[in-house]
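# Results of the structural survey
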Amino acid sequence: MSEFVLTRETREKLMGVATPTIATALFKRGLRNQFIQDVRPLSAKAQNMVGQAFTLRYIPAREDLNTLDVFRNPEHPQRAAVEKCPAGFVLVMDSRKDARAASAGSILISRLQVRGVAGVVTDGGFRDSPEIANLEIRSYHNRPSAPTNLTLHQAIEMNVPIGCGDVAVFPGDVIVGDNEGVIVIPAHLADEIAAETVEMTAYEDFVTEQVLAGATIIGLYPATSDAPRAKFAEWRMGNGR
């Protein structure tokens, strides 16, 4: 696992920024493939999901090894991941972008919620999706899927590097989810991305206000002259930002 520890300050900053803003900040650093593809929130929530990644990897199921009896083993990787994912972390599952069988269901995700896990993400599907949507925990998947995970997915290992929605996810990376989707911030960049995106968000709020009042975007977004920067500084003082 990464030695990086997500601080309360960085977490709080990332709670207030949008995934598109984070994507732009990562793009500036040459990172173009950090937004998990084809993964959506089960329900809109008022706050972002922010936490470090704890991962679970599935491989295609082999029928003789993937019967209901595997759940008798308390160290079965899916069950163990639900019990070992630390509070404040996000459980991220590599389901090979295959939503034909569920990655988990409402009981397991309820357990994650009770244990204080910040959220759960799969590039496959969840069963019991209406119940999961009503939970407080933030959950993201591709689409609903009723069949048990054993049908197609064999949980093989946890807390290793995985792919989720075509994005590399390393244990300890910082995961941010909003009502648009989920983005992965490499752990070593999390503090500086958080600081920069707070500033970017303030400027975007200013720009939105200006545009709605009739301003042109030329020179304003992005700021290509000193005039909008000066006006932004004045606006920020007046708004306590």
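Residues numbered from 1 in each chain as written. Predicted model: local features only at pLDDT ≥ 70, side-chain atom pairs only at ≥ 80, totals over all residues. Heavy atoms only, no water.

## Some thoughts on the overall build of the chain
Here is the rule we go by: Only DSSP runs of H or I covering at least 4 residues are called helices, and only runs of E covering at least 2 are called strands; the numbering of each starts at the N terminus. Here the term buried applies to any residue with accessible area under 20% of the maximum for its type, exposed to any over 50%, and partly exposed to those in between, with areas from a 1.4 Å probe on protein chains only. Should any heavy atoms of two residues lie within 4.5 Å, those residues are considered in contact.
For the chain, the helix and strand inventory stands at 7 helices and 13 strands. Dimensions of the chain, computed from the C-alpha atoms along their principal axes, are close to 70 × 35 × 30 Å. By residue count, 49% of the 241 residues in the chain fall in the buried class. Of the contacts made within the chain by residues no fewer than 6 positions apart, 77% connect residues no fewer than 24 positions apart.

## Some words on the side chain of threonine 10
The following threshold applies: For the purposes of these results, a polar contact is taken to be a pair of N or O atoms within 3.5 Å, where, inside protein, one atom must be able to donate a hydrogen and its partner to accept one; residues adjacent in sequence count only when each atom of the pair is a side-chain atom.
Position of threonine 10 relative to the elements: it lies in helix α1 (residues 8-15). Here threonine 10 falls in the buried class, since its relative accessible area comes to 5%. In this structure the side chain of threonine 10 is engaged in a polar contact, spanning 2.7 Å, whose partner is the side chain of aspartate 191. For threonine 10, the contacting residues outside a window of four places in its chain are Ala190, Asp191 and Ala194.

## What to know about unusual backbone geometry
Both trends apply: most residues other than glycine have a negative phi, and most peptide bonds are in trans. Cis geometry is adopted by the peptide bond preceding proline 222, which originates at tyrosine 221 and carries an omega value of 0 degrees. For proline 222, the position within the fold is in the loop between α6 (190-212) and α7 (226-239). In this structure, lysine 97 is a non-glycine residue whose phi angle is positive, near 55 degrees. Among the structural elements, lysine 97 can be located in the loop between β3 (90-94) and β4 (102-104). Unlike most non-glycine residues, aspartate 128 shows phi in positive territory, near 60 degrees. Among the structural elements, aspartate 128 can be located in the loop between β6 (125-126) and α5 (129-133).

## Brief notes about the packing of helix α3 (residues 77-84) against helix α4 (residues 106-114)
To keep things clear, this is the line we draw: Inter-axis angles, ranging from 0 to 180 degrees, are taken between N-to-C directions of lines fitted to C-alpha atoms, where helices are fitted over the stretch in contact. These descriptions rest on fixed angle ranges, namely under 35 degrees for roughly parallel, over 145 for roughly antiparallel, 65 to 115 for roughly perpendicular, and the rest for oblique. Each residue gets one of three labels, nonpolar for Ala, Val, Leu, Ile, Met, Phe, Trp, Tyr, Cys and Pro, charged for Asp, Glu, Lys and Arg, and polar for the others, Gly among them.
Two elements in contact, α3 and α4, have axes separated by 8 Å at closest approach and are oriented at 25 degrees. With respect to their mutual orientation, α3 and α4 come out roughly parallel. In this structure, α3 uses Gln78, Arg79, Val82 and Glu83 to contact α4, whose residues at the interface are Leu108, Arg111 and Leu112. Among the residues forming the contact of α3 with α4, the class breakdown is 3 nonpolar, 1 polar and 3 charged.

## Focus: the environment of glutamine 113
Here glutamine 113 is to be found in helix α4. Once the C-alpha coordinates of glutamine 113 and proline 222 are considered, the two residues, 109 residues apart in sequence, prove to be 40 Å apart. The residues contacting glutamine 113, other than those within four sequence positions of it, are Leu135, Glu136 and Ile137.

## Considering the sheet that holds β4
This is how it is decided: For two strands to be treated as a pair, DSSP must find no fewer than two bridges joining them.
Strand order in the open sheet formed by 3 strands is β4-β6-β8, with parallel pairing between adjacent strands. Each having just a single partner strand, β4 and β8 (143-144) make up the two edges of the open sheet. Pairing of β6 with β8 involves 2 bridges; the strand directions are parallel. Within β8, the position partnered with glycine 125 by the bridge is arginine 143.

## A closer look at the packing of aromatic side chains
Our working definition: Only centres within 6.5 Å qualify two rings of Phe, Tyr or Trp (six-membered ring in Trp) as a pair; their planes then separate them into stacked at under 30 degrees, edge-to-face at over 60, and tilted for everything else.
Under the criterion given, the structure shown has 5 aromatic pairs. Note on tyrosine 203 and phenylalanine 206: the rings are 5.7 Å apart at their centroids and 45 degrees apart in plane angle, and the pair reads as tilted. Here the residue tyrosine 203 and the residue phenylalanine 206 both occupy positions in helix α6, the gap between them amounting to 3 residues, near one helical turn. The buried category is assigned to phenylalanine 206, whose relative accessible area is 0%. Note on phenylalanine 232 and tryptophan 235: the rings are 5.9 Å apart at their centroids and 25 degrees apart in plane angle, and the pair reads as stacked.

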